Amino acid sequence: MSETFDKRMTEWKEQIDDCLRSIIDDSKYPEDFKDVMRYSMFPGGKRLRPILFLEWHNLFAPPNRQALVFACAIEIIHAFSLIHDDMPCMDNDDIRRGKPTVHKEFGEGKALLAGDALLTLAFECLASSLDEKQYPLVFTMARLVGSRGIINGQYLDLYAKCESVSDLVEIYRKKTGALITLACASGYLFPQMSGALNIESEGLLCGIDNEYYDIEAQRGWHYVGERSSETEELVLGAAAFGSSFGIAFQLYDDLSEYLSCEQPDGASILDFASLDEAKIMLNGYLNEAAAALDRNYHGDTSVLREFVEKFVIV
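The structure displayed is predicted, hence computed values, not measured ones.

Chemist: Describe unusual backbone geometry, listing the residues and the values that go with them.
Modeler: Cis geometry is found at the peptide bond from Phe 42 to Pro 43, where omega equals -10°. Positionally, Pro 43 belongs in the loop between α2 (31-41) and α3 (48-60). Notably, Arg 47 is not glycine yet its phi reads approximately 55°, a positive angle. For Arg 47, the location among the structural elements is in the loop between α2 and α3. Unlike most non-glycine residues, Arg 97 shows phi in positive territory, near 55°. Positionally, Arg 97 belongs in the loop between β1 (95-96) and β2 (99-100). Overall, Arg 97 belongs to the partly exposed group, its relative accessible area being 37%.

Shown next as structure tokens:
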């Protein structure tokens, strides 16, 4: 990775962490309960999702405080999903990021409530910080956390029969890819939906269908009403990047576990494909993500391209 990439990641991560601390500190929960929430958030992981939001936003305009809060709301939702995902009734994991999971450290009751609190806190952040023209993004987030994304994907992971690569990819698309797709597409849309830029938000349906990339039988982000062909093409690219990169990210995790001789939590791509086949799949999705950046964006996509290169396995 280049020095520019590492520097940018460090700067974004510091801004995100400072904002997350402020959001939790300013919440009205008891201090000992805030400690449970902080435990789940810090030290953080890659902060991949909010960084992707900020990078896509940066292609159109430098992110302001309002955009940073939206990016943090995405990360807060991710943290909620991890707390619940780790619980005994779900994946029953004892360790997360090298330390005991939240329910192991604080008990199941506090863990469950901390997840609930983080989910609602994310929407509280959005409601208090968005311009009126950006409100449709809240609808998008709700769908991709619920019926079109994380929760639906978790249900499929727990209760549906996973019998093929396509079944597994569908779970990955919802459980992992939905929030990454949201981060990328909403990151690019966010500055264009502000009142200052005079973009009619009612002309943009901020939602993604069940496959997250189909529009009138083509890949892309959904629109209603009048739409700019150039804007549409660029938002289609952001959504396509997020969809492909989101699946690749989960495949990379599967392969990393296998190559490190770690026991997978659940179904893995290696249950249905050889190591070489899995590498081909991973790199294929990464190539799709890179191809999505070939559109005529008016900003520097080099950092996003380095994101893609970071996850290649040969």
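Moving on from the coordinates now.
Chemist: How would you explain the packing of aromatic side chains if you had to name every residue and give the values?
Modeler: The full count for this structure, using the stated rule, is 17 aromatic pairs. Ring centres of Trp 56 and Phe 241 lie 5.5 Å apart, and the angle between their planes is 65°; on these two criteria the pair is classed as edge-to-face. Of this pair, Trp 56 sits in helix α3 while Phe 241 sits in helix α10 (residues 229-259), placing them 185 residues apart in sequence. Neither residue differs from the other here; Trp 56 and Phe 241 are each classed as buried. When the centroid spacing of 5.6 Å and the interplanar angle of 70° are considered together, the rings of Phe 249 and Phe 311 count as edge-to-face. Separated by 62 residues along the polypeptide, Phe 249 in helix α10 and Phe 311 in the segment after α12 (302-310) bring together distant segments of the chain. Each member of the pair, Phe 249 as well as Phe 311, is classed as buried. Of the aromatic side chains, those joined through ring pairs into one cluster are Phe 5, Trp 56, Phe 60, Tyr 188, Phe 241, Phe 245, Phe 249, Tyr 252, Tyr 297, Phe 307 and Phe 311. The aromatic ring of Phe 42 is capped on one face by Arg 21, whose charged end is 4.5 Å from the ring centroid. For Lys 99, the ring lying beneath its charged end belongs to Tyr 39, and the centroid distance is 3.8 Å.

Chemist: Tell me about the packing of helix α8 (residues 150-159) against helix α9 (residues 165-189), and name the residues and values.
Modeler: To describe two helices that pack against each other, one gives the angle between their axes and the distance between the axes. Between α8 and α9, the shortest axis-to-axis distance is 8 Å and the interhelical angle comes to 150°. Judged by the inter-axis angle, α8 sits roughly antiparallel to α9. The element α8 and its partner α9 pack so that their crossing is left-handed. Taken together, the residues of α9 that come into contact with α8 (itself represented by Ile 150, Asn 152, Gly 153, Gln 154, Leu 156 and Asp 157) are Glu 170, Ile 171, Lys 174, Lys 175 and Leu 179.

Rules used throughout
- Residues numbered from 1 in each chain as written.
- Predicted model: local features only at pLDDT ≥ 70, side-chain atom pairs only at ≥ 80, totals over all residues.
- Heavy atoms only, no water.
- Helix = DSSP H or I, 4+ residues; strand = E, 2+ residues; numbered from the N terminus.
- Buried < 20%, exposed > 50% of the residue type's maximum accessible area, 1.4 Å probe, protein only.
- Phe/Tyr/Trp six-rings, centres within 6.5 Å; stacked < 30°, edge-to-face > 60°.
- Lys NZ or Arg CZ within 6 Å of the ring centre and 35° of its normal.
- Axes fitted to C-alpha atoms, helices over the stretch in contact; angles between N-to-C directions.
- Parallel < 35°, antiparallel > 145°, perpendicular 65-115°, else oblique.
- Left-handed = near helix turned anticlockwise from the far one by under 90°.
- Contact = heavy atoms within 4.5 Å.

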